[in-house]
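# Secondary and tertiary structure notes
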Amino acid sequence: MSTACDHDHDHHDHHLDAGGVEARLAEARKLCEAQGERMTAPRQRTLELILSQNAPMKAYDVIDRFHPDGAAKPPTVYRALGFLEQMGLIHRIESLNAFVACQGHDHDHDHPEPHSAAFLLCECCGQSEEVMLDLSSIDRKAAASGFKVRRITLEAKGLCKACQ
């Protein structure tokens, strides 16, 4: 992510403090239990790192920061990322090949309609914001052609309010 501009990129309004991270981890543990899944230590550590980040995080950054005294084994982190994405706790930002914590905790990831998230990505500071969209017209058009949509992710690039 580029920081080519000459202003401060510290966006505290989107950053979770330690209490916010712990609250989100507790929510994630409850979600896993409700789904009959386990929030293992590697899954929890991976989610903790992503929640603590103020921007999308690449898998190798998670691997490098996993242990205070050294990196984790890549398969451990990739399995955790896959699980967290499947549970709807994180999203993969395709164009950045990075992961971000789901910010829309008020929506249900386990509903019959396709999960439709959009990400506003700042090209200057790397900040991301998740917004939910009603993309039911895509689902209707896909259904008309016999296609079943499971997930829709849109990425819009531009400048956040702080970088404009």
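Reading the values: the criteria
- Residues numbered from 1 in each chain as written.
- Predicted model: local features only at pLDDT ≥ 70, side-chain atom pairs only at ≥ 80, totals over all residues.
- Heavy atoms only, no water.
- Helix = DSSP H or I, 4+ residues; strand = E, 2+ residues; numbered from the N terminus.
- Buried < 20%, exposed > 50% of the residue type's maximum accessible area, 1.4 Å probe, protein only.
- Contact = heavy atoms within 4.5 Å.
- Areas by Shrake-Rupley, 256 points an atom, 1.4 Å probe, with all protein chains shown as cover.
- Pairing = 2+ DSSP bridges.

## Some thoughts on the overall build of the chain
If you tally the helices and strands in the chain, you get five helices and six strands. Counting from the amino terminus, the chain carries its helices and strands in the arrangement α-α-β-α-α-β-β-β-β-α-β. The buried share of the chain, taken over its 164 residues, is 37%. Sequence-distant contacts in the chain: of pairs separated by 6 or more residues, those separated by 24 or more amount to 59%. Of the roughly 9,900 Å² of accessible surface on the chain, a fraction of 50% belongs to carbon and sulfur atoms.

## Description of the environment of Arg-45
For Arg-45, the position within the fold is in helix H2 (residues 41–52). If sequence neighbours within four positions are ignored, Arg-45 has contacts with Arg-65 and Phe-66.

## A look at the pairing of strand S2 (residues 90–93)
Of the strand pairs in this sheet, S2 and strand S3 (residues 98–101) are connected by four bridges, and their pairing is antiparallel. Of the residues in S3, the one forming a bridge with His-91 is Val-100. What sits between S2 and S3 in their antiparallel hairpin is a turn of four residues, with Asn-97 showing a positive phi close to 50 degrees.

## Some thoughts on unusual backbone geometry
At Asn-97, a residue that is not glycine, the phi angle is positive and equals roughly 50 degrees. Along the chain, Asn-97 turns up in the loop between S2 and S3.

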